[in-house]
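# Per-entry structural report
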Amino acid sequence: DLGFWPRLVFDRGFGGICFIRGLMGHEATFYIRLKANRLVELGDEEFKAGELPANDTRITLQGLSLRVVRSDKPDDDGEPWLI
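These remarks concern the structure in this document. (Residues numbered from 1 in each chain as written. Predicted model: local features only at pLDDT ≥ 70, side-chain atom pairs only at ≥ 80, totals over all residues. Heavy atoms only, no water.)

## Some details on the overall build of the chain
Counted only if it meets this: The helix and strand labels rest on DSSP assignments: H or I over at least four residues marks a helix, E over at least two residues marks a strand, and numbering proceeds from the N terminus. Note on contacts: a residue pair is in contact if any heavy atoms of the two residues lie within 4.5 Å. Residue-level accessible areas treat just the shown protein chains as cover; the underlying method is Shrake-Rupley with a 1.4 Å probe. Counted as positive: Lys and Arg. Counted as negative: Asp and Glu, with His and the chain ends omitted from the count. Taken as the charge centre is NZ of Lys, CZ of Arg, CG of Asp or CD of Glu, depending on the residue.
What the chain contains, in helices and strands, is 1 helix and 6 strands. The helix and strand sequence of the chain, counted from the amino end, reads β-α-β-β-β-β-β. In terms of overall dimensions, the chain has a C-alpha envelope of 40 × 35 × 20 Å along the principal axes. Residue pairs in contact within the chain that sit at least 24 positions apart in sequence constitute 21% of those at least 6 positions apart. Per element, the accessible surface of the chain, about 6,000 Å² overall, is 50% carbon and sulfur. Taken as two groups, the 11 positive and 14 negative side-chain charges of the chain have centres that lie 2 Å from each other.

## Some words on the environment of valine 40
One can find valine 40 in strand β3 (residues 39–42). Spatially, the C-alpha atom of valine 40 lies 5.4 Å from that of leucine 61, the residues being 21 residues apart in sequence. Other than its neighbours up to four places away in sequence, valine 40 contacts Glu45, Glu46, Phe47, Ala49, Leu52, Ile59, Thr60 and Leu61.

Structure, rendered in structure tokens:
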């Protein structure tokens, strides 16, 4: 037991809902890079994460309230990061 939770960082592909629920159940601080085509809810509408209207948005993903932050600078592929 470390006595604290480290901040956990995961790349795309580690964003399974059971995994996220488990981290939230332990009150862990975590960051997951999302795929741009991941469907999320904003209000009553569904959006692809890469098409959210703002760079910092509170969304719902299968009943969980999460924050998505889009980078200003694109990576080498020309696409921004979605965390």
